[in-house]
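# Secondary and tertiary structure notes
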Amino acid sequence: MVEIPADAPAVCPVCEKPYESVTVHTDGVMVALNDNERYRRVCFDPERHDGDPGLYFYHHTHEQADLERADATP
């Protein structure tokens with residue numbers, strides 16, 4: 001089952017960067033690691049959801065992922 005959690009944090013708890021969307025998965029998950037036109041990175045954070053184990057997916061766009069490079073540039 002895939003849900004959009006109401007209690008999602010303002011920034012990704014894994015990389016502490018902005019994200020476009022977040023979903024929680026409580027069943028089996030498959031991730032295709034192909035080039036994606038919309039998202040450059042997805043961070044995964046294990047989290048309980050309604051008392052059950054879940055996995056939060058934080059979807060970062062190319063622009064949001066590029067912010068990391070801008071932050072690392074002196």
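Scroll up to find the structure this text is about.
A few points on the structure. (Residues numbered from 1 in each chain as written. Predicted model: local features only at pLDDT ≥ 70, side-chain atom pairs only at ≥ 80, totals over all residues. Heavy atoms only, no water.)

Attention shifts here to unusual backbone geometry. The phi torsion at Glu 16 lies on the positive side, around 60°, for a residue other than glycine. Topologically, Glu 16 is positioned in the loop between β1 (2-3) and β2 (21-25). Positive phi, close to 55°, is recorded for Asp 50, a residue that is not glycine. One can find Asp 50 in the loop between β3 (39-49) and β4 (52-61). Here Asp 50 falls in the exposed class, since its relative accessible area comes to 67%. (Helix = DSSP H or I, 4+ residues; strand = E, 2+ residues; numbered from the N terminus. Buried < 20%, exposed > 50% of the residue type's maximum accessible area, 1.4 Å probe, protein only.)

Turning to the pairing of β2, a few remarks are in order. Burial runs high along β2: 4 of the 5 residues are buried. Examined bridge by bridge, β2 and β4 share 5 bridges and lie antiparallel to one another. Note on β4: the bridge partner recorded for Val 24 is Tyr 56. (Pairing = 2+ DSSP bridges.)

What follows is about the layout of surface pockets. In this structure, the largest pocket occupies an estimated 250 Å³ of space. At the level of secondary structure, the elements contributing two or more residues to the lining of the largest pocket comprise β3 and β4. Broken down by element, the lining of the largest pocket gets its largest block of residues, 5 residues, from β3. Grouping the constituent residues of the lining of the largest pocket by class yields 7 nonpolar, 3 polar and 2 charged. (1 Å grid on protein atoms, 1.4 Å probe; cavity = no way out; pocket = protein on both sides within 12 Å on 5 of 7 lines; lining within 4 Å. Points joined across faces, edges and corners; volume = space filled by probe spheres on them. Nonpolar A, V, L, I, M, F, W, Y, C, P; charged D, E, K, R; others polar.)

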